[in-house]
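If you want the building blocks of each chain, they are given just below.
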Amino acid sequence: MPNSDDKPVSQGEQIDAAEREEAKRRLLAQAEAERIPADETTRAVPDRRWRGEP
């Protein structure tokens, strides 16, 4: 019996979609945990390599 959509969705496709959604949530959570605040990335730090200092 088909779903309310025009094309039927197999159980395997439903499982794949659920796994993709879970993987996307994990990646977004990891990216948010590793995110560096913008004020820390815009701070100027002298780079001694270009001034000839050891």
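The structure we're discussing is the one just above.
Caption draft 1: Representation of the overall build of the protein within the structure. Within the protein, the secondary structure is distributed over 2 helices and 0 strands. Across the 54 residues in the protein, those meeting the buried criterion constitute 0%. Accessible area for the protein stands at about 5,600 Å²; split by element, carbon and sulfur atoms hold 54% of it.

Caption draft 2: Focus on the pattern of salt bridges. Evaluation of the coordinates by the stated rule reveals 4 salt bridges. A salt bridge links Glu32 to Arg35; the nearest nitrogen and oxygen atoms lie 3.4 Å apart. If you follow the salt bridges from partner to partner, you end up with Glu22, Arg25 and Arg26 in one network.

Rules and cut-offs
Residues numbered from 1 in each chain as written. Predicted model: local features only at pLDDT ≥ 70, side-chain atom pairs only at ≥ 80, totals over all residues. Heavy atoms only, no water. Helix = DSSP H or I, 4+ residues; strand = E, 2+ residues; numbered from the N terminus. Buried < 20%, exposed > 50% of the residue type's maximum accessible area, 1.4 Å probe, protein only. Areas by Shrake-Rupley, 256 points an atom, 1.4 Å probe, with all protein chains shown as cover. Salt bridge = Lys/Arg side-chain N within 4 Å of Asp/Glu carboxyl O.

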